Amino acid sequence: MKLYMFPVAPNPTRVRLYLAEKAAAGKGLGIEEVAVNLREGEQKSPEHQARNPFEKLPVLELDDGSFLTESLPIIEYLEELHPEPPLLGSDPLERARVRELERIAELSVLYPIARVVHSTNSPLGLPPSREMAAHFGELIPKGLKVLDDRLSDGRPFLAGERPSIADCTLAAGLQFGRFGKVELDPRFENVARWDAAYRERPAALSVLVM
Ligand SMILES: N[C@@H](CCC(=O)N[C@@H](CS)C(=O)NCC(=O)O)C(=O)O
């Protein structure tokens, strides 16, 4: 299998962090990573359109030559093939909690951060929009507050004692914020503590570049 990705882009990064967590636990999946340079528009090439007509990353190429798009289905597929160590919970409630936190991390933190970055200084060259930056900028603290409250009991990871895909998504979103100068609001002390600790993990050190 091959994972088409681009460093720092948050959606491929969350899948790469997932893979790196498995590898750091001695359960590497041996998936080759192939860069598609988004800054040079390689996602719009006929070659990549054949992988994903939406011209997005990540894409997983399966051994039969077919393609799987969308970060979460990619992760869920790999997790079903390689359930150890569990990064999506190991019982129904834990799985639901992990998915809940992951959805919050994506939809209420990663996504609004990405919209602010793309409406202020888009690495893809999207047009600036003050209105969009203001709108999405107001959403970020709401998402961070919910995650900060969850972390307020001192747990090391979003879902408790073990890393999960929720951590991968939050770390990918915050890295893209640092890239685009959307700094983490220091009011969210628990998220800041989590962020500092997560970035020291071998998985994060092998994937995050800022
Ligand atoms: N819903 C998709 C979103 C994928 C996505 O937006 N990827 C971005 C990188 S983070 C991309 O490839 N953008 C290229 C473009 O819009 O031209 C997923 O979860 O994988």
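Conventions we followed
Residues numbered from 1 in each chain as written. Predicted model: local features only at pLDDT ≥ 70, side-chain atom pairs only at ≥ 80, totals over all residues. Helix = DSSP H or I, 4+ residues; strand = E, 2+ residues; numbered from the N terminus. Buried ≥ 20, exposed ≤ 12 C-beta atoms within 10 Å, placed from the backbone. Pairing = 2+ DSSP bridges. Axes fitted to C-alpha atoms, helices over the stretch in contact; angles between N-to-C directions.

Caption draft 1: Seen up close, unusual backbone geometry. In this structure, Pro58 follows Leu57 across a cis peptide bond, with omega equal to 5°. You can see Pro58 is positioned in the loop between helix H2 (46-51) and strand E3 (59-61). Here the amide bond leading from Glu84 into Pro85 is cis, since omega sits at -15°, within 30 degrees of zero. When you line up the elements, Pro85 lands in the loop between helix H3 (71-81) and helix H4 (92-120). A positive phi angle, near 80°, is found at Val8, a position not held by glycine. Mapped onto the secondary structure, Val8 falls in the loop between strand E1 (2-5) and helix H1 (10-24). Judged by C-beta crowding, with 20 C-beta atoms within 10 Å, Val8 ranks as buried.

Caption draft 2: Expanded view of the sheet that holds E3. Strand order in the open sheet formed by 4 strands is E2-E1-E3-E4, and the pairing between neighbours is mixed. Both edges of this open sheet fall to strand E2 (32-35) and strand E4 (67-69), since each of them pairs with a single strand only. Neighbouring strand axes in the sheet, compared pairwise and without regard to direction, differ in orientation by 25° on average. Here 3 bridges tie E3 to E4, and the two strands are oriented antiparallel to one another. Residue pairing in the sheet places Val59 in a bridge with Thr69 of E4.

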